[in-house]
Amino acid sequence: MINIYKDAGISDEVFSFGEKILESLKGRFEEIDKNAEYNQCKVILAMQKNRLSPEHFMTSTGYGYNDEGRDNLERIYADTFHTEAALVRPQITCGTHALNVALSANLRPGDELLSPVGKPYDTLEEVIGIRPSTGSLAEYGVTYRQVDLLEGDKFDFEGIKNAINEKTKLVTIQRSKGYQTRKTFSVEEIGTLIKFIKEIKPDVVCMVDNCYGEFVERIEPSDVGADMIVGSLIKNPGGGLASIGGYICGTEECIEKCAYRLTSPGLGREVGANLGIMQSLYQGFFLAPTVVAGALKGAIFAANIYEKLGFKVVPNGTESRHDIIQAVELKSREGLIAFCKGIQAAAPVDSYVDPEPGDMPGYDSQVIMAAGAFVQGSSIELSADGPVREPYAAYFQGGLTWFHAKHGILMSVQKMYEQNLIEL
Ligand SMILES: *Cc1c(COP(=O)(O)O)cnc(C)c1O
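About the thresholds
- Residues numbered from 1 in each chain as written.
- Predicted model: local features only at pLDDT ≥ 70, side-chain atom pairs only at ≥ 80, totals over all residues.
- Heavy atoms only, no water.
- Helix = DSSP H or I, 4+ residues; strand = E, 2+ residues; numbered from the N terminus.
- Rg over C-alpha atoms; globule rule 2.2 N^0.38 Å.
- Buried < 20%, exposed > 50% of the residue type's maximum accessible area, 1.4 Å probe, protein only.
- Contact = heavy atoms within 4.5 Å.
- Lys, Arg positive; Asp, Glu negative; His and termini not counted.
- Charge placed at Lys NZ, Arg CZ, Asp CG, Glu CD.
- Pairing = 2+ DSSP bridges.
- Axes fitted to C-alpha atoms, helices over the stretch in contact; angles between N-to-C directions.
- Core = buried A, V, L, I, M, F, W, Y, C linked by side-chain atoms within 4.5 Å.
- Domains from an automatic or database assignment.
- Buried area = accessible area lost by both parts, 1.4 Å probe.
- Salt bridge = Lys/Arg side-chain N within 4 Å of Asp/Glu carboxyl O.

## Focus on the overall build of the protein
Okay, step 1: Broken down by element type, the protein carries 12 helices and 12 strands.
Okay, step 2: In terms of C-alpha radius of gyration, the protein reaches 22 Å, essentially the compact-globule figure of 22 Å for 424 residues.
Okay, step 3: Its C-alpha atoms give the protein principal-axis dimensions of roughly 65 × 50 × 40 Å.
Okay, step 4: Residues counted as buried form 57% of the 424 residues belonging to the protein.
Okay, step 5: Taking the intrachain contacts of the protein between residues at least 6 apart in sequence as the baseline, contacts between residues at least 24 apart amount to 69%.
Okay, step 6: Here the protein contributes 41 positively and 57 negatively charged side chains, and the mean placements of these two sets differ by 2 Å.

## Quick word on the sheet that holds strand S7 (residues 246-250)
Okay, step 1: A sheet is described by the order of its strands in space; here 7 strands give the open sequence S1-S7-S6-S5-S4-S2-S3, paired in mixed fashion. Among the strands making up the open sheet, the edge pair consists of strand S1 (85-89) and strand S3 (143-146). When the angles between neighbouring strand axes are averaged without regard to direction, this sheet yields 20°.
Okay, step 2: Where S1 lies against S7, 5 bridges are found, and the strand directions are antiparallel. Within the sheet, the bridge partner assigned to alanine 85 lies in S7 and is glycine 250.
Okay, step 3: Each of S1, strand S5 (205-209), strand S6 (228-232) and S7 is contacted by helix H9 (residues 252-262), which is oriented at about 30° to S1, the strand it contacts most.

## Section: the nonpolar core
Okay, step 1: In this structure, Tyr77, Phe301, Ile305, Tyr306, Leu330 and Phe339 are the most contacted members of the largest nonpolar core, which totals 98 residues.
Okay, step 2: Ranked by the residues each element gives to this core, the list is headed by helix H10 (residues 278-308), at 16 residues.
Okay, step 3: Both domain 1 (2-40 + 286-418) and domain 2 (60-277) contribute no fewer than three residues apiece to this core.
Okay, step 4: With sequence-adjacent residues up to four places away left out, leucine 330 is seen in contact with Tyr306, Phe311, Gly335, Leu336, Phe339, Pro391, Tyr392, Ala394 and Met416.

## Here we look at the domain arrangement of the protein
By a widespread convention, an interface's size corresponds to the accessible area lost as its parts come together.
Okay, step 1: Here the protein is described as being made up of domain 1 (2-40 + 286-418) and domain 2 (60-277).
Okay, step 2: For domain 1 versus domain 2, the separation of C-alpha centres amounts to 28 Å.
Okay, step 3: Domain 1 puts 27 residues into the contact, and the matching count from domain 2 is 24 residues.
Okay, step 4: Summing both sides of the interface, domain 1 and domain 2 together bury roughly 2,400 Å²; the carbon and sulfur share of this comes to 60%.
Okay, step 5: Taken together, the connections running from domain 1 to domain 2 amount to 1 salt bridge.

## Some details on the pattern of salt bridges
Okay, step 1: For the coordinates displayed, the defined rule picks out 24 salt bridges.
Okay, step 2: Lysine 49 is the salt-bridge partner of aspartate 79, the closest N and O atoms lying 3.2 Å from each other. Pair noted here: aspartate 79 is in helix H4 (residues 68-80) and lysine 49 is in helix H3 (residues 26-49), with a separation of 30 residues, a long-range link.
Okay, step 3: With a closest N to O distance of 2.9 Å, arginine 131 and glutamate 125 form a salt bridge.
Okay, step 4: Salt bridges sharing common partners tie together Lys119, Asp122, Glu125, Glu126 and Arg131.

Pasting the structure below:
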């Protein structure tokens, strides 16, 4: 083993250091595998119940009328996540688009949107109109209210109660921390929040941004009262095989509104050709529980390695996990760059490319990104990025296999080691 890693440019010292850390993680990896096993059963049962067959992989074009392949995938998503209905389509271009459809379909002028968990994901600021933007909800007369988290990332129940009013129509809850410093919420915590909100106003629609959270636990927010859960197919549920797409799963009423918004009033779910990608969407969903397990192992391995090397990691090495994102604070510009170069060098695609910090629209500092993905921008594949400023945090996620995630992390350590940024 040590020889093949040597061929890959990973030294004996780095490899052995990694193996020692791994010894201590056996119990946790077992627990992750158990969850994957459970979730694999969920997906298989949904596929069997809906009598998935090769006909469902057939291509449809044009309007896509009577596309059984498309419709059956939506039933399988709905059954897996225990919702009445689902919208799962290549016409949903990304996670932000799915969230925008879910929000704009279920809000009307004069309604108010509430985020009880602080500031939402960056791209949603423009969807909502927190930052003025063409076509935002604010332009359509939808107002927005936000209740920040309290010390220790606790829900501000009193503040939330006071914020809910006669205009409050929809509540948006982001499960993953995304690129913030708060913690990621467990599904159970989200359930407590939804229950509290529904007690105050039973008819309010509760939507959960489920990005990066799918299959990390045995239950999803739709199991604890969410009316809609929303995510991207080039993250967890696409299993790395989906080349495009997003999903919204939820109540029949919410999903119907989403369909009329996504296509057109009057048309709804009836149109939307699949263009021949159905097999990859089904097969990706089938693989997703084990792919997510691999990514989780990578995140935990990275946390424990870098914690041992003296860096701050969020979540820390022993905390429970509710999404697949790992932040590592590398303390210096050189450290962040070396880390990203390692991830890049370990990639199956574009491994020869040397990532450099660059300017990005919307960021006030330079950003460095490492990704060598089969699907552009896919962050279920091993990838890392971070703004080049204090505390020089790399946000790291994905890995289609645990062994690739391990390879990437060892390579990042190798690059740091070669530059004398760490001692083993
Ligand atoms: C990735 C992500 C989004 C947006 O998804 P895109 O596919 O990048 O548009 C929204 N919310 C969260 C929490 C995310 O992680």
